[in-house]
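If you want the building blocks of each chain, they are given just below.
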Amino acid sequence: MKKLIAITLAVLMVFGMAACANSGSSDGKTKVSVFWYDAKDIYLGTVRAALNKELEKLGFEYDTQDAAADQATQMEQIKTAISGGSNMLIVNVVTSGAEGTAKDILKLAGDIPVIFFNRAIGNDGKDEAVLNEFKNSCFIGTDAPEAGHLQGKMVGEYVVANYDTLDLNKDGKISYVMFKGQEGNAEAIFRTQYGVEDANKVLKENGKSELVYFDPEAKTNYQVDQNGQWSADAAKQYMETNLISFNEANNNMIELVICNNDGMAEGAIAALQAAGYNKKDSAHTIPVFGVDATDNAKKLISDGAMTGTVKQDAEGMASAIAQTAKNISEGKTPVEALAAVKGEIFSIAKSCASKLYVAYAPYTGK
């Protein structure tokens with residue numbers, strides 16, 4: 001009998017140790033792993049710094065992983081985190097807009113709650129199908145079309161107010177270049193579309209000609225970062241090449257620059273400044289618009305080198321993620337956790353209760 005009791009106690013101890021291991025932390029705290037698609041992304045760098053502070057303030061045990069824009073790397077990082085005892089995953093997925101990738105991550109996670117953020121997880125940016133299938137998941141991001149609409153309105157109003165000054169070759173039209181961050185990315189798609197469409201709507205309402213893409217031979221009305229990194233270098237190289245043929249000397253100067261993010265805006269400005277534009281002593285400043293309202297962009301706007309941007313609230317994004325993680329760690333479901341997030345800039349998507357939006361806002365420094 002004593003032998004049987006001893007064996008039973010030993011078995012219970014083994015199961016107890018296993019339970020502790022699966023809890024993610026020996027003291028019972030939630031162990032969080034945060035996965036970033038690319039540490040070089042300027043906007044996400046601000047989110048990361050803010051999120052780290054929020055998680056520390058809330059007392060979470062956490063680690064962070066950088067996939068360096070490689071989805072296979074991120075999948076291995078997730079596997080390692082799970083086997084290492086993480087019991088909550090916060091994922092900035094590398095392959096944006098790919099339902100299969102998100103489902104693979106959720107299958108790996110099993111019952112572990114997953115908070116996706118910033119980069120769309122569904123085909124064509126439609127995240128609802130994934131979120132409705134996997135109840136242990138939620139998404140925190142932005143209403144993708146909103147940034148494009150705000151940017152387009154901003155661009156249109158600025159062009160209307162400064163039309164004659166911007167029309168350098170006096171042909172009655174404003175020629176523009178559009179820098180797109182990434183093919184297939186929902187935010188890039190809508191910013192590229194509405195940044196021009198909504199600007200043209202404002203122009204037409206005010207009796208002005210619509211914007212004209214600078215290169216009449218182009219197959220698309222945008223130039224895209226082929227590496228999908230929305231980088232300043234990509235925009236700088238494009239702009240340098242553009243200015244070789246399209247310039248004031250040839251009477252076909254690019255008169256407006258629209259960018260999907262502030263990093264690409266910075267690159268375009270660097271090329272323009274090298275060509276003698278957008279400086280304090282320049283004869284002409286070419287208006288440049290971006291999205292994110294990064295610190296660098298705010299400085300460029302203050303200096304007069306950049307015209308405007310759309311604020312994507314990095315601190316707000318971090319706050320929403322951290323609040324949601326805390327709510328889940330206290331026993332709430334992802335849907336309940338999102339509903340309990342507090343702040344005027346947050347709203348639950350009408351199409352899906354497990355999707356939270358962080359609002360955009362125009363920024364011109366005024």
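Cut-offs applied
Residues numbered from 1 in each chain as written. Predicted model: local features only at pLDDT ≥ 70, side-chain atom pairs only at ≥ 80, totals over all residues. Heavy atoms only, no water. Core = buried A, V, L, I, M, F, W, Y, C linked by side-chain atoms within 4.5 Å. Buried < 20%, exposed > 50% of the residue type's maximum accessible area, 1.4 Å probe, protein only. Helix = DSSP H or I, 4+ residues; strand = E, 2+ residues; numbered from the N terminus. Contact = heavy atoms within 4.5 Å. Salt bridge = Lys/Arg side-chain N within 4 Å of Asp/Glu carboxyl O. Pairing = 2+ DSSP bridges. Axes fitted to C-alpha atoms, helices over the stretch in contact; angles between N-to-C directions. pLDDT = per-residue confidence, 0-100. Left-handed = near helix turned anticlockwise from the far one by under 90°. Nonpolar A, V, L, I, M, F, W, Y, C, P; charged D, E, K, R; others polar. Arc of directions from axis to C-beta. Expected span 1.5 Å × (residues − 1). Right-handed = clockwise from strand over helix to strand, strands pointing away. Phe/Tyr/Trp six-rings, centres within 6.5 Å; stacked < 30°, edge-to-face > 60°. Lys NZ or Arg CZ within 6 Å of the ring centre and 35° of its normal. Lys, Arg positive; Asp, Glu negative; His and termini not counted.

Grouped together as the largest cluster of nonpolar side chains are 49 residues, with contacts concentrated most on Phe179, Met239, Leu256, Val257 and Leu272. At six residues, helix H10 (residues 262-274) tops the list of elements feeding residues into this core. When near neighbours in sequence (up to four residues on either side) are disregarded, Met239 contacts Val177, Phe179, Ile254, Val257, Ala268, Ala271 and Leu272. In this structure, Leu51, Met88, Met317 and Leu338 belong to the second largest nonpolar core, which totals 35 residues.

Turning our attention to the pattern of salt bridges. Per the stated rule, a full pass over the model turns up 13 salt bridges. Two residues, Lys236 and Glu240, come together in a salt bridge whose shortest N-O distance is 2.5 Å. Here Lys236 and its partner Glu240 are both found in helix H9 (residues 232-245), four residues apart, which amounts to about one turn of the helix. Residue class for Lys236 comes out partly exposed when judged on its relative accessible area of 30%. Among the ionic contacts, a cluster of salt bridges with common partners joins Glu99, Lys103 and Glu133.

What follows covers the sheet that holds strand E13 (residues 355-358). Taken together, seven strands build an open sheet; the order of strands is E2-E1-E3-E4-E5-E13-E12 and the sheet is mixed. Each having just a single partner strand, strand E2 (61-66) and strand E12 (346-348) make up the two edges of the open sheet. Each strand axis lies, on average, 20° off the axis of its neighbour in the sheet, ignoring direction. Both strand E1 (residues 31-36) and E2 contribute to a ladder of six bridges, which runs parallel. Pairing of Val32 across the sheet is with Tyr62, part of E2.

So, about the confidence of the model for the protein. Scored by pLDDT, the protein has a mean of 92; 92% of the residues are at 70 or more. Overall, residues 1-26 carries pLDDT values under 50, and its contacts beyond four positions in sequence, including any with other chains, amount to 12 contacts.

Attention now moves to the packing of helix H6 (residues 144-161) against helix H8 (residues 186-205). One way to put it is that H6 packs onto H8 with a least axis distance of 6 Å and a crossing angle of 35°. Relative to H8, the crossing made by H6 is right-handed. A per-class count over the contact of H6 with H8 returns 12 nonpolar, six polar and five charged.

Attention shifts here to helix H11 (residues 295-303). Within the span of H11, buried status applies to Ala297, Leu300 and Ile301. Along H11, the residues classed as buried sweep out an arc of 100° about the axis, all on the same side. Relative to its buried face, H11 has exposed residues pointing more than 90 degrees away, namely Asp295, Lys299 and Ser302. Against the buried residues of H11 lie H10, strand E11 (309-312) and strand E14 (360-363). Gly304, located one to two residues past H11, shows a positive phi value of around 85°.

Before going further, it helps to examine H9. With 14 residues, H9 ought to run about 20 Å at 1.5 Å a step, and its terminal C-alpha atoms sit 21 Å apart, in line with that. Looking at the buried positions of H9, the neighbouring elements they touch are strand E6 (175-180), strand E8 (223-224), strand E9 (256-259) and H10.

Attention shifts here to the pairing of E9. Where burial is concerned, the two faces of E9 agree: the one with Leu256 and Ile258 and the one with Val257 and Cys259 are both buried. Inspection of the sheet shows E6 paired to E9 by four bridges, in the parallel sense. Each residue of the ladder has a partner; that of Val177, found in E9, is Val257. Bridge count between E9 and strand E10 (residues 288-289): two bridges; the pairing is parallel. Counted as the bridge partner of Ile258 is Phe289 from E10. Once you follow E9 into H10 and on to E10, the crossover reads as right-handed.

Right, let's get into the packing of aromatic side chains. Across all of its chains, the model carries seven aromatic pairs by this definition. Seen from their ring centres, Phe214 and Phe246 are 4.9 Å apart, and the 85° between their planes marks the pair as edge-to-face. In this pair, Phe214 is assigned in the loop between strand E7 (212-213) and E8 and Phe246 in the loop between H9 and E9, connecting sequence segments 32 residues apart. Considered together, Phe214 and Phe246 belong to a single accessibility category, that of buried residues. Here the aromatic residues Tyr176, Tyr213, Phe214 and Phe246 are joined through ring pairs into a cluster of three or more. For the cation-ring pair, Arg48 lies above Trp36, with the distance from its terminal atom to the ring centre recorded as 5.5 Å. The ring of Tyr163 is capped by Lys208, whose NZ or CZ atom sits 5.0 Å from the centre of that ring.

This next bit is on the side chain of Asp198. With respect to the helices and strands, the residue Asp198 is situated in helix H8. Lys201 provides the closest opposite charge to the buried, unpaired Asp198, separated from it by 6.6 Å. In contact with Asp198, other than residues within four places in its own chain, are His149, Gly152 and Lys153.

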